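The chain contents come next:
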Amino acid sequence: QKDSPDRHAASAIGHARGSTVITYDIGAEVATRLTQVIEVLALPSHCTHPASAHPAVTGMFTNRGHTVTLICLSSLLGSSGRPDPAHARVLLVDIAGAHFGFVVPRLCHIESTVWEAPDKDKAAEKPSALGRHALVEIGTGTQRRTLHLVDLRALAQGMMQGDAPASIDAATPEALAEV
């Protein structure tokens, strides 16, 4: 397939339609590439609670023979409040055989992106915790919206390496909504 000038122009200002994302609410609607999520689970009713863990780690449980570290994504990103167990879901991520389950208060949709900011254009100048994540647009017409693209694999990797902050104060729902 031959590259056209339009194709190069589109990549310069952002990537065109392409990725499938799962959207969820953590005080504001955000997205994650569906390819990062190996399974979506209901919040487990029983889990062990490690004594000396990161404040966002809410427990550990076993799923299909793997130990899963359960992380409250809202807490990790600085939001307050606990997700309602009836509506919360766990987005399961695998990092080199280590499984992390990110608890999200509510799932929204599975959609295709219509635009993605190039990696170099991450919203890093924004003061919120999500500012380090790229932006994507999803939807069409009046339903089109810009969301932060949360990299759950990078967050899990940070947890493995002990690089994850205790909390990120600036990630209030108000700051998350200011895209």
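In what follows, the structure referred to is the one given above.
Basis of the calculations
- Residues numbered from 1 in each chain as written.
- Predicted model: local features only at pLDDT ≥ 70, side-chain atom pairs only at ≥ 80, totals over all residues.
- Heavy atoms only, no water.
- Helix = DSSP H or I, 4+ residues; strand = E, 2+ residues; numbered from the N terminus.
- Buried < 20%, exposed > 50% of the residue type's maximum accessible area, 1.4 Å probe, protein only.
- Contact = heavy atoms within 4.5 Å.
- Core = buried A, V, L, I, M, F, W, Y, C linked by side-chain atoms within 4.5 Å.
- Pairing = 2+ DSSP bridges.
- Axes fitted to C-alpha atoms, helices over the stretch in contact; angles between N-to-C directions.
- Arc of directions from axis to C-beta.
- Polar contact = N/O pair within 3.5 Å; in protein donor to acceptor, adjacent residues only side chain to side chain.

Considerations on the overall build of the protein chain
Now for step 1: Within the protein chain, the regular secondary structure consists of four helices and 11 strands.
Now for step 2: Counting over 179 residues, the protein chain shows a buried share of 43%.
Now for step 3: Taking the intrachain contacts of the protein chain between residues at least 6 apart in sequence as the baseline, contacts between residues at least 24 apart amount to 61%.

Digging into the nonpolar core
For soluble globular proteins, nonpolar side chains are generally found buried alongside one another.
Now for step 1: Counting 22 residues, the largest nonpolar core has Tyr24, Ile71, Leu73, Leu76, Phe102 and Leu152 as the members making the most contacts within it.
Now for step 2: Elements with a contribution of two residues or more to this core: strand 2 (20-25), helix 2 (73-76), strand 7 (89-95), strand 8 (98-104) and helix 3 (152-161).
Now for step 3: The element contributing the most residues to this core is helix 3, with four residues.
Now for step 4: With sequence-adjacent residues up to four places away left out, isoleucine 71 is seen in contact with Ala56, Val57, Thr58, Leu76, Phe100, Gly101, Phe102, Val103 and Met159.

Topic: the environment of methionine 60
Now for step 1: Inspection of the secondary structure puts methionine 60 in strand 5 (residues 57-63).
Now for step 2: The class for methionine 60 is partly exposed, based on a relative accessible area of 28%.
Now for step 3: For the pair methionine 60 and isoleucine 71, spaced 11 residues apart in sequence, the C-alpha separation works out to 8.8 Å.
Now for step 4: Beyond its immediate stretch of four places on either side in the chain, methionine 60 contacts Cys47, Thr48, Pro50, Thr67, Val68 and Thr69.

Some remarks on the environment of serine 112
Now for step 1: You can see serine 112 is positioned in strand 9 (residues 106-116).
Now for step 2: Given the relative accessible area of 32%, serine 112 is considered partly exposed.
Now for step 3: Separated by 78 residues in the primary sequence, serine 112 and leucine 34 have C-alpha atoms spaced 9.7 Å apart.

Examining the sheet that holds strand 4 (residues 39-42)
Now for step 1: Taken together, the five strands give an open sheet; going across it, the order is 4-7-8-6-5, and neighbouring strands pair in mixed fashion. Both outer strands of the open sheet, strand 4 and strand 5, are each paired with one neighbouring strand and no more. Taking the axes of each pair of neighbouring strands and ignoring which way they run, one obtains an average angle of 30 degrees across the sheet.
Now for step 2: Of the strand pairs in this sheet, strand 7 and strand 8 are connected by seven bridges, and their pairing is antiparallel. Residue pairing across strands places aspartate 94 opposite histidine 99, the latter belonging to strand 8.
Now for step 3: Helix-sheet contacts for helix 3 involve strand 5, strand 6 (66-72), strand 7 and strand 8, and the interaxial angle to strand 7 is about 70 degrees.

Looking at the pairing of strand 8
A regular strand places its side chains on the two faces of the sheet in alternate fashion.
Now for step 1: Counted residue by residue, strand 8 has six buried out of seven residues, so it is predominantly covered.
Now for step 2: Taken together, strand 7 and the strand that follows it, strand 8, pair antiparallel across an intervening segment of two residues, in which alanine 96 is found at a positive phi of about 50 degrees.

Quick notes on helix 3
Now for step 1: Those residues of helix 3 that sit buried are Leu152, Leu155, Ala156, Gly158 and Met159. The buried side chains of helix 3 occupy one side of the element, clustering within an arc of 155 degrees when seen end-on.
Now for step 2: Residue aspartate 151 occupies the N-cap position of helix 3, its side-chain oxygen lying 3.2 Å from the main-chain nitrogen of arginine 153.
Now for step 3: Taken from the residues just after helix 3, glycine 162 is the one with a positive phi, measuring 75 degrees.

Re the environment of leucine 135
Now for step 1: When you line up the elements, leucine 135 lands in strand 10 (residues 134-138).
Now for step 2: With relative accessibility at 15%, the residue leucine 135 sits in the buried group.
Now for step 3: C-alpha separation for the pair leucine 135 and alanine 117, spaced 18 residues apart in sequence, amounts to 5.5 Å.

Let's talk about the pairing of strand 10
Now for step 1: When you tally the buried positions in strand 10, you get five out of five residues, the bulk of the element.
Now for step 2: Side chains Ala134, Val136 and Ile138 project from strand 10 onto one buried face, and the interleaved Leu135 and Glu137 project onto a second face that is buried too.
Now for step 3: As defined by bridge partners, strand 9 adjoins strand 10 across three bridges and the pair is classed as antiparallel. Residue threonine 113 lies in a different strand from strand 10, and its bridge partner there is isoleucine 138.
Now for step 4: Summarising the sheet, strand 10 and strand 11 (residues 145-149) pair through five bridges and their orientation is antiparallel. The partner of glutamate 137 across the bridge, within strand 11, is threonine 146.
Now for step 5: Where strand 10 folds back onto strand 11 in an antiparallel hairpin, the turn is made up of six residues, including glycine 139, whose phi is positive at roughly 85 degrees.

By themselves, these observations are geometric and do not establish any function.
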